[in-house]
Amino acid sequence: GAVVSQHPSWVICKSGTSVKIECRSLDFQATTMFWYRQFPKQSLMLMATSNEGSKATYEQGVEKDKFLINHASLTLSTLTVTSAHPEDSSFYICSARAGVDYEQYFGPGTRLTVT
Amino acid sequence: GQNIDQPTEMTATEGAIVQINCTYQTSGFNGLFWYQQHAGEAPTFLSYNVLDGLEEKGRFSSFLSRSKGYSYLLLKELQMKDSASYLCAVISNDYKLSFGAGTTVTVRA
């Protein structure tokens, strides 16, 4: 149980275009989903927290107009990287929390490369 | 703010024991997680400590001292597949996870 999927697993896009990444909880309802970014040889950095039906809360330094997050249902959250630039190339990982559990279940990650 | 420190790299021999230390200073504490992450993959859960003491789970054990802001992950009977990055993460009052930079463990034959 507690499986989280992400789609796509990797994507290459041209500079200036937008990319959407989906995060789904497959066998549980996720009250909260989190989006992280990880640059090579660095740790995970929290970008934003999203609760179903409400606006996402962004961490300091993360541009909310550039990284659009939608949490439309209890099993789906999407992250859209708008007007992508090469410096947005990174490993994007989502996680989901169920109910009052502290544990977060991580998706397999999405490798974004912007050319 | 959150400050979580762990060593950058450790090397050990197959069959040996390695201890990865983690110290933390955080605003709010609701437990400490250890995750294993292989290159290019998402983190996988290893342990969760919220009370002081040692939690043993097979070859992996995790220890927590809240008064000292200290935890360690003990890996016993090391295998080549244990070569990975090990992440210490603290969960705060708002359910957010703050990660340390990770410790890369290399297991040599």
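Residues numbered from 1 in each chain as written. Chains lettered and ligands numbered in written order. Predicted model: local features only at pLDDT ≥ 70, side-chain atom pairs only at ≥ 80, totals over all residues. Heavy atoms only, no water.

A few words on the confidence of the model for chain A. For chain A, mean pLDDT is 92; residues scoring 70 or higher make up 99% of the total. Ranking the elements of chain A by mean pLDDT puts strand E7 (residues 67-73) of chain A last, at 91, and strand E11 (residues 110-114) of chain A first, at 97. (pLDDT = per-residue confidence, 0-100. Helix = DSSP H or I, 4+ residues; strand = E, 2+ residues; numbered from the N terminus.)

On to the interface of chain B and chain A. If you look at the interface, chain B gives 18 residues, while chain A gives 22 residues. Taking both sides of the interface into account, the surface hidden between chain B and chain A amounts to around 1500 Å²; carbon and sulfur atoms contribute 61%. On the surface where chain B and chain A come into contact, there are 1 salt bridge. Applying the counting rule to chain B against chain A returns 4 residue pairs in polar contact (both at pLDDT 80 or more). Taken together, the elements giving at least two residues each to the side of chain B that touches chain A come down to strand E4 (32-37), strand E5 (44-49), strand E9 (84-91) and strand E10 (97-99) of chain B. With 3 residues, the single largest contributor to the side of chain B that touches chain A is E4 of chain B. (Contact = heavy atoms within 4.5 Å. Buried area = accessible area lost by both parts, 1.4 Å probe. Salt bridge = Lys/Arg side-chain N within 4 Å of Asp/Glu carboxyl O. Polar contact = N/O pair within 3.5 Å; in protein donor to acceptor, adjacent residues only side chain to side chain.)

It is worth spelling out the pattern of salt bridges at this point. Taken as a whole and assessed by the stated rule, the structure comprises 7 salt bridges over all chains. With its nearest N and O atoms 3.4 Å apart, the salt bridge here joins Arg 24 of chain A to Glu 22 of chain A. Overall, the relative accessible area of 25% leaves Glu 22 of chain A in the partly exposed class. Between Lys 96 of chain B and Glu 59 of chain A there is a salt bridge, with the nearest N and O atoms lying 2.6 Å from each other. Linking Lys 96 of chain B in the loop between E9 and E10 with Glu 59 of chain A in the loop between strand E6 (57-58) and E7, this pair reaches from one chain into another. Taken together, the salt bridges that share partners define one network made up of Glu 59 of chain A together with Asp 94 and Lys 96 of chain B. (Buried < 20%, exposed > 50% of the residue type's maximum accessible area, 1.4 Å probe, protein only.)

On to the side chain of Asp 82 of chain B, then. Looking at the secondary structure, you find Asp 82 of chain B in the loop between strand E8 (70-75) and E9. Apart from residues lying up to four places away in sequence, Asp 82 of chain B is in contact with Gln 36, Arg 59, Phe 60, Glu 77, Val 105 and Val 107 of chain B.

For the structure on display, the rule yields 2 disulfides over all chains. The disulfide partner of Cys 23 of chain A is Cys 94 of chain A, and the gap between their sulfur atoms is 2.0 Å. Measuring the twist about the S-S bond at about 80 degrees, one finds the Cys 23 of chain A-Cys 94 of chain A disulfide to be right-handed. Of this pair, Cys 23 of chain A sits in strand E3 (residues 19-25) while Cys 94 of chain A is found in strand E9 (residues 90-97), placing the two residues 71 residues apart along the sequence. Given a relative accessible area of 0%, Cys 94 of chain A falls into the buried group. Note on cysteine connectivity: Cys 22 of chain B is disulfide-linked to Cys 88 of chain B, with sulfurs 2.0 Å apart. Across the S-S bond linking Cys 22 of chain B and Cys 88 of chain B, the dihedral sits near -70 degrees, which makes this disulfide left-handed. You can see Cys 22 of chain B sitting in strand E3 (residues 18-25) and its partner Cys 88 of chain B sitting in strand E9, a full 66 residues away along the chain. Judged by relative accessible area, Cys 22 of chain B falls into the buried class, the value being 0%. (Disulfide = S-S within 2.5 Å.)

Through backbone hydrogen bonds, the strands of a sheet pair up, either in parallel or in antiparallel fashion. All names here are of chain B. An order of E1-E3-E8-E7-E6 is seen for the 5 strands of this open sheet, with the pairing classed as antiparallel. Looking at the sheet topology across the chains shown, the edges are occupied by strand E1 (3-5) and strand E6 (53-57). Shown here is a sheet whose adjacent strand axes are inclined to one another by a mean of 15 degrees, direction ignored. Alignment of E6 against strand E7 (residues 60-65), held across 5 bridges, turns out to be antiparallel. Paired with Glu 55 across the two strands is Ser 62, which belongs to E7. (Pairing = 2+ DSSP bridges. Axes fitted to C-alpha atoms, helices over the stretch in contact; angles between N-to-C directions.)

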